[in-house]
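# Structural description and commentary
What follows is each chain in one-letter form.
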Amino acid sequence: MSNTEQVLDVNVTSLNYDQLISSVNQKIMGNEQANIIAINPEKIMTLQKDQKLKNLINSATFTIPDGIGIVFASKLNNGKISSRITGVDLFIRLLELANEKQYKIFLYGAKKQVVEKAVGNIEKKYPNLTVAGYKDGYVKDQNELIEEINQSGAQLLFVALGSPRQEYWIEENKSKLNVNIFQGVGGSFDVISGEVKRAPFLFRKTGLEWFYRLLSQPKRLRRQLALPKFLIKVLFHTKRRH
Ligand code: UDP
């Protein structure tokens, strides 16, 4: 049975956290490469006008439903995606996996003081994992960076350059890197470092994280207007197929 659904022609996995972690672990043990991309309604709307990026995203190993709008869309399509898999939560679950299995990780992206703080917090919380290296997201010398990641022996690489920059970066560099797992994590280092606060648990639990973020950063309204447009589009797309 396929573990992938299509939402407006974009692949999204229906695996849950445990299944994803176990698949990722198998990739590491088999010394294979895999990449993880987070999908939300805003990204899907952008992809409607960007075929090249859509192809790139559709070729990813795992595309996760980060965004309550994707869960709604799956329901409208009679799909099986029942809850969000957020980029930051999957990142944390992968840190737990690395801690348990003693895997090495590398963090690339965000501002220097942010990534440094994130590394400090990770090392404190997960004493068995090795942060084999890290680099802020504003370095110029890419060859040196690639060399440094390869030298580190990291099996998991987290790239926090924002989207779609991180997706392009991973695509361009994955064949040069002897890393198994690549995850584009957007603003997650900002969260792990404590620089940016996540929505309180109740908002996350009830699918209202977007509302909290809107209240705390009203300038996100423009970005969030993508959500109703997205749902209307999904509805018409679904009707056309029936
Ligand atoms: N960033 C970076 N290099 C750049 C531009 C951005 O490292 O050249 C970082 C930035 O510091 C921030 C992250 O990328 O930590 C972007 O986070 P954002 O929340 O915008 O990403 P999203 O999750 O919305 O894609």
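Check the entry above for the structure.
Overview of the structure. Within each chain, residues carry numbers counting from 1 in the order of the written sequence. Totals for whole chains, interfaces and linings use all residues, but because this is a predicted model, local features are given only for residues with pLDDT of at least 70 and pairs of side-chain atoms are given and counted only at 80 or more. Note: side-chain values were computed over all heavy atoms of the structure, leaving out hydrogens and water.

Secondary structure elements are taken from DSSP: a helix is a run of H or I of four residues or more, a strand is a run of E of two residues or more, and numbering for both begins at the N terminus. With respect to the helices, strands and loops of the structure, Gln166 is situated in helix 8 (residues 165-173). Under the relative-accessibility criterion, Gln166 is labelled buried at 2%. Contacts: residue pairs with any heavy atoms within 4.5 Å of one another. In this view, Gln166 contacts Val159, Ala160, Leu161, Gly184, Val185 and Gly186; residues no more than four positions away in its chain are not counted. Here's how the labels work: a residue is buried when its accessible area is under 20% of the maximum for its type, exposed when over 50%, partly exposed in between, all with a 1.4 Å probe on protein chains only.

Moving on to the site of the ligand. Nearness of a residue to a molecule or strand requires only that one of the residue's heavy atoms be within 4 Å of it. Of all residues adjacent to the ligand, which total 14 residues, the nearest are Ala110, Gly137, Tyr138, Arg165 and Asp190. At 3.2 Å, a backbone N or O of Ala160 approaches an oxygen atom of the ligand. In the complex, 68% of the free accessible area of the ligand, which totals 560 Å², lies under the protein chains. The classification used treats Ala, Val, Leu, Ile, Met, Phe, Trp, Tyr, Cys and Pro as nonpolar, Asp, Glu, Lys and Arg as charged, and all other residues, Gly among them, as polar. A class-by-class count of the residues in the shell around the ligand yields four nonpolar, six polar and four charged. Polar contacts here mean pairs of N or O atoms no more than 3.5 Å apart (in protein, one a potential hydrogen donor and the other a potential acceptor; neighbouring residues in sequence count only if both atoms are side-chain atoms). Surface exposure here means Shrake-Rupley accessible area, sampled with a 1.4 Å probe, where a residue is shielded only by the protein chains that are shown.

A pair of Phe, Tyr and Trp rings is counted when the ring centres sit within 6.5 Å of each other, with Trp represented by its six-membered ring. The angle between the planes then sorts it: under 30 degrees is stacked, over 60 is edge-to-face, the rest tilted. Applying the stated rule across the entire model yields five aromatic pairs. With a centroid separation of 4.5 Å and an interplanar angle of 50 degrees, the aromatic rings of Phe91 and Phe158 are classed as tilted. With Phe91 in helix 5 (residues 87-101) and Phe158 in strand 7 (residues 156-160), this pair connects stretches of sequence that are 67 residues apart. For the pair Phe91 and Phe158, one class covers both residues: buried.

In globular proteins that are soluble, nonpolar side chains generally tend to be buried together. The term nonpolar core refers to a set of buried residues drawn from Ala, Val, Leu, Ile, Met, Phe, Trp, Tyr and Cys, joined through side-chain atoms within 4.5 Å. If you look at the biggest cluster of nonpolar residues, it comprises 37 residues, and the most contacted ones within it are Ile105, Ile122, Phe158 and Phe189. Broken down by element, the residue count for this core peaks at six residues, all from helix 5. Sequence-distant contacts of Phe158, defined by excluding residues within four places in its chain, comprise Phe91, Leu94, Leu95, Ile105, Phe106, Leu107, Tyr108, Gln183, Val185 and Phe189. Listed in part, the 20 residues of the second largest apolar core include Leu56, Ile70, Val71 and Val234.

Our focus in this paragraph is the pattern of salt bridges. A pairing counts as a salt bridge when a side-chain nitrogen of Lys or Arg comes within 4 Å of a carboxyl oxygen of Asp or Glu. Counted according to the given criterion, the structure contains 12 salt bridges. Among the ionic pairs, Lys43 bridges to Glu167, the shortest N-O distance being 3.6 Å. Pair noted here: Lys43 is in helix 2 (residues 41-47) and Glu167 is in helix 8, with a separation of 124 residues, a long-range link. The pair formed by Lys43 and Glu167 is uniform in burial state, with each residue classed as buried. The salt bridge partner of Asp89 is Arg198, with a shortest N-O separation of 3.1 Å.

Here we take up the packing of helix 3 (residues 51-58) against helix 8. Interaxial angles span 0 to 180 degrees and are taken between N-to-C directions of axes, which are lines fitted to C-alpha atoms, for helices over the stretch in contact. In contact at an axis separation of 11 Å, helix 3 and helix 8 are set at 65 degrees when each is read in the N-to-C sense. Note that helix 3 runs across helix 8; the crossing there is left-handed. Every residue of helix 8 that contacts helix 3 at Lys52, Leu53 and Leu56 is listed here: Glu167, Tyr168 and Glu171. By residue class, the composition of the contact of helix 3 with helix 8 is three nonpolar, no polar and three charged. Helix crossings fall into two classes, left-handed where the near helix is turned counterclockwise from the far one by less than a right angle and right-handed where it is turned clockwise.

A separate point is the sheet that holds strand 7. The strands making up a sheet are joined through hydrogen bonds of the backbone, oriented either antiparallel or parallel. Strand pairing requires that DSSP identify at least two bridges connecting the strands. The six strands lie next to each other as 4-3-8-7-5-6, forming an open sheet whose pairing is parallel. Looking at which strands have only one partner, the edges of the open sheet turn out to be strand 4 (62-65) and strand 6 (130-135). Shown here is a sheet whose adjacent strand axes are inclined to one another by a mean of 20 degrees, direction ignored. Those strands touched by helix 5 are strand 3 (34-39), strand 4, strand 5 (104-109), strand 7 and strand 8 (181-184), and its axis lies near 155 degrees from that of strand 7. Sheet strands in contact with helix 7 (residues 142-152) are strand 5, strand 6 and strand 7, and its direction is about 160 degrees off that of strand 5.

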